[in-house]
Amino acid sequence: MILWILTALSIIQVVDVTENKILVTQRPVLRVDNKTATLVCNYTYNGTGKEFRASLHKGTDSAVEVCFVSWNTTKGNNTQSSNGFTCHGYQDDQKKHVIFNLSNMNPNHTDIYFCKIEVMYPPPYVCSDKSNGTIIHVRDVPFQQSELLQSTRYFWLMAAAIGVFAIYSIIITVACIHCSLKNKKNRILQSDYMNMTPRHPQGPKNKCYQPYAPTRDYTAYRSWQP
């Protein structure tokens, strides 16, 4: 009888520990090129907690808390952050992970970051085991490289503008030449048409003579008497 009671108590204790345990998983490495990072903290919890707190810690010993978010089953998220960059955390609707959006980061923020999930209410207090963490590597774009990229961008913009202007100038020039040749051709044709008008030959004009007609002799008619 005593053995049965001890066995039942051990089973209940194992079930309770398993139910209240929080497991957190993170991606191992996160590279940042544009000063913005999104860190996802996946967790599993099968307990009956109502108020939760998720925090993001920096360093191998998790000594620096850079951001946290708290929520419960009736209210929304509440986020606070520090440590020189902007952090906004929230829990997704499916309650399977917490997302931390980090912005305005620089190479000095390169470090390992750990997610921590806590059940604040009701008792007992439950805290997640330390995960493997995520190494956030913030890569800085060299000033010379960024300046070169900007100069190259301006160069291609100027080249495109000059190319468009050159093409436009060529089109206008060709159109003007075509119109000039067409007008010249029309003037030549009109001049040739005017030259076809008959002209009098140069030199003394010929005198006009009356057409020849024989002169009649009326004497014979006068000498006749009836």
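By the naming in an unreviewed UniProt entry, the protein chain is T-cell-specific surface glycoprotein CD28, taken from Alligator mississippiensis. Taken verbatim from the UniProt record of the protein chain, the Subcellular location (unreviewed entry) comment is "Membrane".

Caption draft 1: Inspection of the overall build of the protein chain at higher detail. When helices and strands are tallied, the protein chain shows three helices and eleven strands. Reading the secondary structure of the protein chain in the N-to-C direction produces α-β-β-β-β-β-β-β-β-β-β-β-α-α. In the protein chain, of all internal contacts separated by at least 6 residues, the share reaching a separation of at least 24 is 54%. Of the roughly 17900 Å² of accessible surface on the protein chain, 60% is carried by carbon and sulfur atoms.

Caption draft 2: Broad picture of the UniProt feature "transmembrane region" (unreviewed entry) in the protein chain. Under the UniProt annotation, the feature "transmembrane region" (unreviewed entry) is placed at residues 154-177. Taken end to end, residues 154-177 comprises 100% helix and 0% strand; its first and last C-alpha atoms sit 34 Å apart.

Caption draft 3: Representation of the nonpolar core within the structure. The biggest cluster of nonpolar side chains holds 29 residues, and the ones touching the most others in it are Leu 56, Phe 100 and Leu 102. Secondary structure elements with two or more residues in this core: strand E2 (29-32), strand E3 (37-44), strand E4 (51-58), strand E5 (64-72), strand E8 (97-103), strand E9 (111-121) and strand E11 (134-138). The residues touching Leu 102, leaving out its near neighbours within four places in the chain, are Lys 35, Thr 36, Ala 37, Leu 56, Phe 85, Thr 86, Cys 87 and Ile 136.

Caption draft 4: Examining the side chain of Ser 131 more closely. Residue position: Ser 131 is located in the loop between strand E10 (126-127) and E11. Residue Ser 131 is classed as buried on the basis of its relative accessible area of 9%. There is a polar contact of 2.7 Å between the side chain of Ser 131 and the side chain of Gln 26.

Caption draft 5: Quick peek at a nonpolar patch on the surface. Taken together, the side chains of Met 120, Tyr 121 and Tyr 125 present a nonpolar region at the surface, about 330 Å² in accessible area. With respect to the secondary-structure elements, Tyr 125 resides in the loop between E9 and E10.

Caption draft 6: Here's a closer look at the packing of aromatic side chains. All chains considered together, the criterion is met by three aromatic pairs. Arranged with centres 5.5 Å apart and planes meeting at 15°, the rings of Phe 52 and Trp 71 form a pair that is stacked. With a gap of 19 residues between them, Phe 52 in strand E4 and Trp 71 in strand E5 connect regions that are remote in the sequence. There is no split in this pair, since Phe 52 and Trp 71 are both buried. The structure contains a cluster of three or more aromatic residues connected by ring pairs, namely Tyr 45, Phe 52 and Trp 71. For the cation-ring pair, Arg 53 lies above Phe 68, with the distance from its terminal atom to the ring centre recorded as 4.2 Å. For Lys 130, the ring lying beneath its charged end belongs to Phe 114, and the centroid distance is 4.5 Å.

Caption draft 7: Examining the state of the cysteines more closely. Enumeration over the complete set of coordinates arrives at two disulfides. At a sulfur-sulfur separation of 2.3 Å, the disulfide partner of Cys 67 is Cys 87. On the sign convention where negative is left-handed, the bridge of Cys 67 and Cys 87, at about -85° about the S-S bond, is left-handed. In this pair, Cys 67 is assigned in strand E5 and Cys 87 in strand E7 (residues 86-91), connecting sequence segments 20 residues apart. Cysteine pairing in the protein chain follows 1-4, 2-3, where each cysteine in a disulfide is numbered by its order in the sequence. Among the cysteines around Cys 176, which has no disulfide bond, Cys 179 carries the closest sulfur, lying 6.6 Å off.

Each value, and the rule that gives it
Residues numbered from 1 in each chain as written. Predicted model: local features only at pLDDT ≥ 70, side-chain atom pairs only at ≥ 80, totals over all residues. Heavy atoms only, no water. UniProt positions renumbered as here; feature names shortened; annotations may be inferred. Helix = DSSP H or I, 4+ residues; strand = E, 2+ residues; numbered from the N terminus. Contact = heavy atoms within 4.5 Å. Areas by Shrake-Rupley, 256 points an atom, 1.4 Å probe, with all protein chains shown as cover. Core = buried A, V, L, I, M, F, W, Y, C linked by side-chain atoms within 4.5 Å. Buried < 20%, exposed > 50% of the residue type's maximum accessible area, 1.4 Å probe, protein only. Polar contact = N/O pair within 3.5 Å; in protein donor to acceptor, adjacent residues only side chain to side chain. Patch = residues over 30% accessible without salt bridge, like charges linked within 9 Å, V, L, I, M, F, W, Y side chains within 5 Å. Salt bridge = Lys/Arg side-chain N within 4 Å of Asp/Glu carboxyl O. Phe/Tyr/Trp six-rings, centres within 6.5 Å; stacked < 30°, edge-to-face > 60°. Lys NZ or Arg CZ within 6 Å of the ring centre and 35° of its normal. Disulfide = S-S within 2.5 Å.

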